[in-house]
Amino acid sequence: MNIQSLDPRVTRLGIDAEEKNPDQTLQREEHWETYQVFHQKKRGEKHSSVGVVHAPNAEMALLFAKEQYARRGETVNLWIVNTRDVLAMDYDDYDVFSTTPEKMYRDPAGYKVNEKIAAFKKAQLDV
Amino acid sequence: MYGGGYIHDDQKKKPEMQAEDPVLLAEFEARIARGEKIEPRDWMPADYRRQLIRMIEQHAHSEIIGALPEGTWITRAPGFRRKLALMAKVQDEVGHAQLLYSAAETLGKSREDMINDLINGKSKYSNVFNYPAKTWADVAVIGFLIDAAAIVNQVANSKGSYGPYCRALERICYEESFHLKQGHSVFVYLATGTPTQRAMVQDALNRWWQPIMHFFGPSDKMSQHTETLMRWKVKMASNDDMRQQFLTMYVPKIWELGLTLPDPNLKKNPETNQWEFTEPDWNEFYEVIKGNGPCNAERLAVRRTAEERGAWVRAALKRADQHYVTPLA
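Residues numbered from 1 in each chain as written. Chains lettered and ligands numbered in written order. Predicted model: local features only at pLDDT ≥ 70, side-chain atom pairs only at ≥ 80, totals over all residues.

A. Inspection of the overall build of chain A at higher detail. Looking only at helices and strands, chain A has three helices and three strands in total. Sequence-ordered secondary structure for chain A, helices as α and strands as β, is α-β-β-α-β-α. Whereas a compact globule of 127 residues would reach a radius of gyration of roughly 14 Å, chain A reaches 30 Å, over 25% beyond that. Referenced to the eigenvectors of the C-alpha coordinate spread, the extents of chain A come out at roughly 110 × 35 × 25 Å. Residues counted as buried form 19% of the 127 residues belonging to chain A. Contacts in chain A between residues far apart in sequence, at least 24 positions, make up 38% of those at least 6 positions apart. (Helix = DSSP H or I, 4+ residues; strand = E, 2+ residues; numbered from the N terminus. Rg over C-alpha atoms; globule rule 2.2 N^0.38 Å. Buried ≥ 20, exposed ≤ 12 C-beta atoms within 10 Å, placed from the backbone. Contact = placed C-beta atoms within 7 Å.)

Next comes the structure, spelled out in structure tokens:
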């Protein structure tokens, strides 16, 4: 006896109602690899990381990215990158950046000469 | 849709909360107290990880199983515009499942393992989807009221502490607002239509009211466990608070259309400002969780068949050199 559903599409599947759940198990990686998705809203704007898709190859990843991240709103372009190709820093190493804010010689605010000029002008007048 | 707030956790199989390194734990709790998000590779207590996987996974399963009762009516939607809207909504729900599975994967459980646990009945999903959508008016009630209830829960959870889940929920809530609007539109059209249409929507409301009252789960006692989950911002509001908020927002929208709810005791107490109602049948709730609801068997059979019959396609597309890497964020 097949499942008779309110949904005609389910009835047409012809699923045996008596069939108990077999030891059906998906194997690891049966749902493939992961790809990171980057979305561009307008031409000239940055592509932004928006999420992930599982796909068997890059072309399918792009197709799934379109379905998943460009269903509504504005989109002009999508990028996908295989997650294994992303070389990321370890957050534990963030301390390599800890001295960056101290590097005032890289900052326009690190160059203050107005006091020097004022002192110079004053000295000139005093002569 | 569809995260219910009620997170099924088998009390008998629940491990004791693990002892954690007190220094790391204090640092972790301080970060959460400061409103920081916890990200995938950060240190986290084992119980935090376990509860989040359970919650996000159940939410993902609810999205994907929730597409089934609604999908029932795609072939017979009244008119092209309603059909387009329903197809778009059902596609959104399946998309939400994908987002949520990815968020759960960042915690270390593979998508394959989550689907296995769903199909084998080990992992649960929201009970409401074990009830049948008998008429087109059921689509109205699901789209309007079940989505509304889910939004109450999801908006609360989007302010939780786990970064990937919050980001998925923000996107989901944005899309849910369309679902709620289209559900309300179908609901209003039926309620203001012919006497037959009104009777149809009243009948659907009568049948769905108990599952809706079940939706947030039974009253949660403030156990030490719940307190910890709230301090860790895994659980953001009590089941009772979310139910009260839902009733305040949506019961007036039902009553204003001259429809009734099948609970003579349902009223807001003006002194306490709290809704009073007849407790729904919680035995039925637990029976449905155990697998004895009207549609449990069909829902899982359909999901299992989809995996079985799609297996050869997935295998054909699989490359020998593929290599799974956990999503980054």
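Having put the structure on the table, let's press on.
B. Local environment of the environment of B:Met114. Residue and element names in this part refer to chain B. Mapping Met114 onto the fold places it in helix H4 (residues 111-119). Expressed as a C-alpha distance, the spacing of Met114 and His61, which sit 53 residues apart in the sequence, is 8.6 Å. If sequence neighbours within four positions are ignored, Met114 has contacts with Glu57, Ala60, Tyr101, Ala104, Lys109 and Ser123.

C. View of the interface of chain B and chain A. Facing the 36 residues of chain B at the interface are 33 residues of chain A. Listing elements by their share of the side of chain B that touches chain A, those giving two or more residues are helix H3 (80-105), H4 and helix H11 (296-317) of chain B. Here the residues of the side of chain B that touches chain A are counted per class, giving 12 nonpolar, 13 polar and 11 charged. (Nonpolar A, V, L, I, M, F, W, Y, C, P; charged D, E, K, R; others polar.)

D. Structural detail: the packing of helix H5 (residues 136-157) of chain B against helix H6 (residues 163-191) of chain B. Residue and element names in this part refer to chain B. Relative to each other, H5 and H6 sit at 150°, their axes nearing to 8 Å. Between H5 and H6, the angle is such that the two are roughly antiparallel. For the element pair H5 and H6, the recorded crossing hand is left-handed. Residue composition of the contact of H5 with H6, by class: 16 nonpolar, seven polar and two charged. (Axes fitted to C-alpha atoms, helices over the stretch in contact; angles between N-to-C directions. Parallel < 35°, antiparallel > 145°, perpendicular 65-115°, else oblique. Left-handed = near helix turned anticlockwise from the far one by under 90°.)

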